[in-house]
2 protein chains.
Amino acid sequence: VNELAAGNLEAAEFVRELKTIVGSAQVFAGDAIDPRYRRDLLGKFPGRPGYVVRPASVEEVAAVMRLATASGLPVTPLGGRSGTVGGTRGVDGGIILSLERMNSIREVDVSAHTMTVEAGVVLQAAQEAAEAQKLLLPLDLGARGSATIGGAIATNAGGNRVLRWGMMRDMVLGVEAVLADGSIVRSLGKVLKDNAGYDWKQLMIGSEGTLGVVTAAVLRLRPLPTTSQTALLALDSFDKMPDLLRRLEGRFAGTLSSFEAMWGPFYEFVSEAQLIRRPRPMRTGHPFYVLIETLGAQAERDRSLFEEVLAEAIENDLIADAVIAGSERERINLWAVREELREAFRSLHPVVGFDISMTLADMPGVVTEVEANLPSVLKNPIALFYGHAGDGNLHIVVSLKDGGAGAEHAVELVVYSAVQRVGGSVAAEHGIGRERLEFIGYTRSPEELALMRRIKSALDPLNILNPGVLIPVK
Amino acid sequence: VNELAAGNLEAAEFVRELKTIVGSAQVFAGDAIDPRYRRDLLGKFPGRPGYVVRPASVEEVAAVMRLATASGLPVTPLGGRSGTVGGTRGVDGGIILSLERMNSIREVDVSAHTMTVEAGVVLQAAQEAAEAQKLLLPLDLGARGSATIGGAIATNAGGNRVLRWGMMRDMVLGVEAVLADGSIVRSLGKVLKDNAGYDWKQLMIGSEGTLGVVTAAVLRLRPLPTTSQTALLALDSFDKMPDLLRRLEGRFAGTLSSFEAMWGPFYEFVSEAQLIRRPRPMRTGHPFYVLIETLGAQAERDRSLFEEVLAEAIENDLIADAVIAGSERERINLWAVREELREAFRSLHPVVGFDISMTLADMPGVVTEVEANLPSVLKNPIALFYGHAGDGNLHIVVSLKDGGAGAEHAVELVVYSAVQRVGGSVAAEHGIGRERLEFIGYTRSPEELALMRRIKSALDPLNILNPGVLIPVK
């Protein structure tokens with residue numbers, strides 16, 4: 001591994017210095033690096049880090065960053081490895097800075113409705129710590145068992161309840177971060193409102209580890225809802241989707257928490273694959289399905305309102321059919337169609353996935369365009385469409401089984417060109433990482449990219465924080 | 001005015017160039033400047049601008065900024081002049097860039113629930129345009145009739161419904177802005193989710209015109225609530241306030257929109273001053289009052305739930321009394337105690353006002369400390385306490401009638417020292433402006449201020465955008 005040595009420091013000396021900072025058990029170099037640090041969730045971005053460092057405190061993170069600055073060696077912060085776009089692959093020979101040991105839940109403040117957590121806390125652990133105090137950390141997503149709070153902040157994670165409570169950005173009240181030069185910037189107050197100067201934490205949120213290393217955060221919690229109403233709806237036309245969404249948002253006032261759309265072929269494919277274990281909740285054959293959920297605190301009132309509003313929607317011909325979950329088991333069964341996708345998609349592998357956004361009105365046009373253009377790049381294409389429609393967020397999964405060498409890239413061009421035409425985003429949730437560098441310019445202007453570069457140079461003039469991610473080098 | 005000439009350009013030549021950009025009717029210099037551009041809302045920060053320019057398009061704004069960059073003359077963007085901290089006073093001899101002519105509501109997109117507006121649109125006009133389409137722009141504050149969207153973005157405005165819908169930041173989906181060097185950065189998409197690169201618009205929001213001139217924005221709208229439930233509650237102890245808030249938030253699920261606290265003396269003083277025109281809604285003598293409101297869509301259900309929850313709260317001894325508004329007239333009467341303050345405070349003038357934040361649990365300690373220390377700086381001090389308690393936002397108004405020359409500053413020291421001890425914010429809503437430059441360091445660390453300066457230099461290296469505001473010069 002010596003050929004990976006940094007700047008003018010020898011590798012062995014560099015390792016010694018790292019060990020002085022974090023202890024000798026927490027530094028790995030070259031062949032001693034565990035394979036899990038070389039591999040991401042999908043196995044698409046195998047990395048060759050020179051060093052893995054696992055600090056236990058913000059001071060240790062700061063010392064590592066000072067050393068990195070002195071040596072010029074790049075640093076990639078690592079959370080739960082649940083990213084899908086290569087954002088934590090790191091640079092060959094560089095440093096992977098894993099926050100996994102900073103996993104303490106420092107406080108749940110029941111009166112203030114906040115929790116103070118370190119970056120390495122796994123989302124599910126944070127959710128459970130909140131629930132133990134009858135509070136809700138609203139962020140929820142499929143990777144809850146591995147994704148960390150630090151990663152969720154670095155990628156501004158979304159998920160199933162954005163419609164009601166927003167993205168990670170909307171839950172972060174305070175942040176502690178280490179800048180590229182090793183300075184510690186801390187704002188761990190619990191206040192909802194702070195207009196004293198620039199809200200610099202906004203820069204850290206969603207910057208994919210390129211502007212600073214988030215080490216801790218204060219998160220806003222909500223009262224834990226005590227009842228849920230869940231239903232699967234069928235629509236006979238996409239035109240009715242925006243109307244339905246707005247009607248439900250209005251009638252359910254603040255309680256509509258999820259509005260998840262599924263195109264007919266997606267529903268048929270997934271529910272078919274799950275038939276071994278689960279009954280199909282509704283017949284196939286409808287062109288569109290929507291899974292909705294309200295979360296509230298009045299079991300009877302919420303139920304009667306839910307039934308009344310859905311009955312109205314049927315009467316007004318907004319929906320063609322509805323199945324309401326009558327028990328927690330039925331609720332889980334409804335959600336499975338939308339959530340338990342890894343197993344269901346297995347027969348499609350290899351696949352390429354997308355998380356793009358646009359207005360709901362633009363969505364059918366994008367789907368039509370993608371479906372029309374895929375046959376020119378794939379034989380017998382299988383593309384399934386679904387997503388957090390309430391947020392304008394469309395997911396697409398395309399099987400590359402019958403594709404050749406350039407198939408994935410060709411499919412990306414088809415999808416991102418369609419997004420570009422309607423002015424949406426090529427990265428609604430997962431960020432740019434390494435995979436989408438080529439496409440950020442499809443929905444961001446040259447002036448926006450120039451501004452991003454100015455921000456990057458101001459905070460990380462040596463370009464040592466996660467280089468190669470988020471911003472294309474000119 | 002010639003002595004105010006910029007850099008190496010003569011004033012007359014400078015005026016000619018400005019007129020070439022915006023037309024001769026839209027440039028004023030020296031004595032020809034209308035007094036309204038020299039005066040802010042409270043008359044505390046009389047300015048002496050050298051030039052007032054009123055562009056009508058983003059291209060004109062860009063050309064003005066290029067000229068300012070070339071001449072080195074400072075530019076202060078101006079909205080509705082409703083700020084209270086001197087943020088738009090401008091620099092003597094500098095340029096006031098008024099956005100008042102950029103006042104077009106470009107679009108209300110009913111399906112996407114967005115509106116696209118220019119910076120100079122008055123908040124109330126935007127609210128009404130949304131309401132005409134049965135949509136809600138949730139931002140609401142006393143200055144709605146004069147405050148502009150651009151100003152609300154530049155100051156990240158708060159107001160009466162932050163508890164439910166957040167601050168201005170949470171409603172801004174897209175921004176168009178002109179940077180110091182005249183480049184136009186535009187991201188006027190309507191999508192809720194965009195993780196493609198840095199969310200640079202977050203830097204513009206709340207930066208008080210020091211990082212860019214916001215010229216237009218896309219705002220997120222909500223379904224217009226059709227019913228409201230409003231009540232004035234009395235509490236016999238502050239200790240019950242956090243519990244009450246959390247109980248109401250939980251039981252009312254997503255519909256609790258306002259939770260406004262008033263200390264007994266505030267309630268007594270204001271309701272007394274309003275007796276000529278309004279009946280007092282509840283007897284005086286309780287130590288605390290809270291005005292609450294839920295906004296929903298189910299008149300009967302909401303009403304019965306509202307009554308049930310308040311009855312429970314009385315039963316559980318959380319509240320001592322409750323008056324529920326039985327009509328729109330009664331609702332307006334309840335709100336008047338909290339909203340119609342200018343007239344009520346007249347007998348206290350001159351006053352100094354504060355908008356500070358902290359956790360609800362820290363609030364009584366801060367109030368006690370301020371009350372204990374005021375007599376050392378003011379004879380017979382009158383201080384009234386109230387605020388958006390649901391957001392941890394405390395307002396204080398202190399009469400300076402019996403104070404001498406240094407009284408205002410002495411009172412500021414008392415209040416901000418108390419905030420500093422609990423780690424809140426010295427500027428929950430109105431920003432730092434010029435008035436609070438001295439105090440930003442009370443709740444922001446040197447590392448945070450250093451980071452803010454780095455951001456400022458990166459975006460405005462010549463320091464021509466609203467210098468003297470927000471960041472103290474070293």
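A brief report on the enclosed structure follows.

Conventions used here
- Residue numbers restart at each chain and count upward from 1, following the sequence in its written direction.
- Labels follow written order: the first chain is A, the first ligand is 1, and so on.
- Note on the predicted model: pLDDT of at least 70 is required for a residue's local features to be given, and 80 or more for side-chain atom pairs to be given and counted; whole-chain, interface and lining totals, by contrast, use all residues.
- Derived side-chain values reflect all non-hydrogen atoms in the structure, with water molecules and hydrogen atoms excluded from consideration.
- Only residues with pLDDT of at least 70 in both copies contribute their C-alpha atoms to the least-squares superposition of the copies.
- It only takes one pair of heavy atoms within 4.5 Å for two residues to be counted as in contact.
- When a residue's accessible area, from a 1.4 Å probe over protein chains only, is under 20% of the maximum for its type it is buried; when over 50% it is exposed; and in between it is partly exposed.
- Helix numbers and strand numbers start at the N terminus; a helix is a DSSP run of H or I with at least 4 residues, a strand a run of E with at least 2.
- Note: two strands are recorded as paired if DSSP finds a minimum of 2 bridges between them.
- Centre distance within 6.5 Å is the pairing criterion for rings of Phe, Tyr and Trp, where only the six-membered ring of Trp is used; planes under 30 degrees apart are then read as stacked, over 60 as edge-to-face, and the remainder as tilted.
- Identification of polar contacts relies on pairs of N or O atoms within 3.5 Å, with a donor-acceptor requirement for protein atoms, meaning one able to donate a hydrogen and the other able to accept it, and with residues adjacent in sequence counted only if both atoms are side-chain atoms.
- As a rule, the C-alpha atoms of each element are fitted with a line to give its axis, helices using only the stretch in contact, and angles between N-to-C directions run from 0 to 180 degrees.
- When describing relative orientation, an angle under 35 degrees is termed roughly parallel and one over 145 degrees roughly antiparallel, while 65 to 115 degrees is termed roughly perpendicular and anything else oblique.
- Rotating anticlockwise by less than a right angle from the far helix to the near helix defines a left-handed crossing, while the corresponding clockwise rotation defines a right-handed one.
- The nonpolar class holds Ala, Val, Leu, Ile, Met, Phe, Trp, Tyr, Cys and Pro. Asp, Glu, Lys and Arg form the charged class, and all remaining residues, Gly among them, are polar.
- Residues enter a nonpolar core if they are buried and are Ala, Val, Leu, Ile, Met, Phe, Trp, Tyr or Cys, with the set joined through side-chain atoms within 4.5 Å.
- Expected helix span is given by 1.5 Å per residue-to-residue step, counting one fewer step than there are residues.
- In this context, the arc is that of the directions from the helix axis out to the C-beta atoms.
- When a carboxyl oxygen of Asp or Glu lies within 4 Å of a side-chain nitrogen of Lys or Arg, that pair is called a salt bridge.

## Comments concerning the relation of the copies chain A and chain B
- For these two chains of identical sequence, chain A goes onto chain B by a turn of 180 degrees and a shift of 0.0 Å along the axis, with RMSD 0.0 Å. The symmetry that links the two subunits is that of a two-fold axis. Considering only C-alpha atoms, the residue of chain A closest to the rotation axis is A:Gly254, which sits at 2.0 Å.
- Most of the interface of chain A is mirrored in chain B: 100% of its interface residues are interface residues there too.

## What about the pairing of strand S6 (residues 114–118) of chain B?
Residue and element names in this part refer to chain B.
- Burial analysis of S6 places five of its five residues in the buried class, the great majority of the element.
- On S6, burial covers both faces: Thr 114, Thr 116 and Glu 118 on one face and Met 115 and Val 117 on the other are all buried.
- Two strands pair when backbone bridges link them, and strand S5 (residues 105–109) and S6 are joined in this way by four bridges, in the antiparallel orientation. Bridged to Ile 105 within S6 is Val 117.
- Hairpin connection between S5 and S6: a loop of four residues separates the two successive antiparallel strands, and His 113 in this loop has a positive phi of roughly 60 degrees.
- Inspection of the sheet shows S6 paired to strand S10 (residues 213–220) by five bridges, in the antiparallel sense. Bridge pairing links Glu 118 to Ala 216 in S10.

## Things to note about the packing of aromatic side chains
Residues and elements named next belong to chain A.
- According to the stated counting rule, one finds 26 aromatic pairs over all chains in the structure shown.
- When the centroid spacing of 5.4 Å and the interplanar angle of 75 degrees are considered together, the rings of Phe 238 and Phe 288 count as edge-to-face. With Phe 238 in the loop between strand S12 (227–235) and helix H7 (240–251) and Phe 288 in strand S14 (residues 288–296), the pair connects residues that are 50 residues apart, well separated along the chain. Across the pair, Phe 288 and Phe 238 agree in class, each one buried.
- Centroid distance Phe 266 to Phe 345: 6.3 Å. Interplanar angle 75 degrees. Geometry classified as edge-to-face. Residue Phe 266 is found in helix H8 (residues 264–273), and its partner Phe 345 is found in the loop between helix H11 (341–344) and strand S16 (351–357); the two are separated by 79 residues along the sequence. For the pair shown, Phe 266 and Phe 345 are each scored as buried.

## Focus: the side chain of B:Arg436
Residue and element names in this part refer to chain B.
- With respect to the secondary-structure elements, Arg 436 resides in the loop between helix H13 (407–422) and helix H14 (440–443).
- The buried category is assigned to Arg 436, whose relative accessible area is 2%.
- Side-chain polar atoms of Arg 436 contact the side chain of Tyr 416, separated by 3.1 Å.

## Remarks on the packing of helix H1 (residues 11–22) of chain B against helix H2 (residues 58–71) of chain B
All names here are of chain B.
- Relative orientation of the contacting elements H1 and H2 amounts to 160 degrees, with a least axis distance of 9 Å. With respect to H2, the axis of H1 lies roughly antiparallel. Here H1 and H2 pass one another in a crossing that is right-handed. Taking contact as the criterion, the partners of Phe 14, Glu 17, Leu 18, Ile 21 and Val 22 in H1 are, on H2, Glu 60, Ala 63, Val 64, Leu 67 and Ser 71.
- Residue classes in the contact of H1 with H2 are distributed as seven nonpolar, one polar and two charged.

## Some words on the nonpolar core
- The biggest cluster of nonpolar side chains holds 195 residues, and the ones touching the most others in it are A:Ile292 and B:Ile292.
- Excluding residues within four positions of it along the chain, B:Ile292 makes contact with B:Gln229, B:Thr230, B:Ala231, B:Leu233, B:Leu248, B:Phe252, B:Leu256, B:Ser258, B:Phe259, B:Phe306 and B:Leu310.
- Ranked by size, the runner-up nonpolar core spans 28 residues in total, among them A:Val53, A:Ala180, A:Val213 and A:Leu465.

## Some points on the sheet that holds strand S9 (residues 184–187) of chain B
All names here are of chain B.
- Strand order in this open sheet of five strands is S5-S6-S10-S8-S9, and the pairing throughout is antiparallel. At either end of the open sheet lies a strand with only one pairing partner, and these are S5 and S9. Recorded for the sheet is a direction-independent mean angle of 10 degrees between the axes of neighbouring strands.
- On the sheet, helix H3 (residues 123–131) packs against S5 and S6 and is oriented at approximately 35 degrees with respect to S5.

## Quick look at helix H9 (residues 299–315) of chain A
Residues and elements named next belong to chain A.
- With 17 residues, H9 extends 24 Å between its outermost C-alpha atoms, agreeing within 8% with the 24 Å of an ideal straight helix rising 1.5 Å per residue.
- Within H9, burial applies to Arg 301, Asp 302, Leu 305, Phe 306, Val 309, Leu 310 and Ala 313. Take H9 and look down its axis: the buried residues cluster within an arc of 150 degrees, on one side only. Counted as exposed and oriented over 90 degrees from the buried face of H9: Glu 300 and Glu 315.
- Note on H9: the residue one or two positions beyond its end, Asp 317, has a positive phi of about 65 degrees.

## A look at the pattern of salt bridges
- In total, this model carries 79 salt bridges over all chains according to the counting rule given.
- With its nearest N and O atoms 3.6 Å apart, the salt bridge here joins A:Arg169 to B:Asp199. In this pair, A:Arg169 is assigned in the loop between helix H5 (162–165) and strand S8 (172–178) and B:Asp199 in the loop between S9 and helix H6 (201–204), connecting two distinct chains.
- We classify A:Arg169 as buried; its relative accessible area is 10%.
- For B:Asp199, a relative accessible area of 12% puts it in the buried group.
- A salt bridge links B:Glu293 to B:Arg331; its shortest N-O distance comes to 2.7 Å. Of the two residues, B:Glu293 is situated in strand S14 (residues 288–296) and B:Arg331 in helix H10 (residues 328–339); the sequence distance between them amounts to 38 residues. Of the two residues, B:Glu293 and B:Arg331, neither departs from the other in class, the shared state being buried.
- Because the salt bridges share partners, they merge into one network encompassing A:Asp34, A:Arg36, A:Arg54 and A:Glu100.

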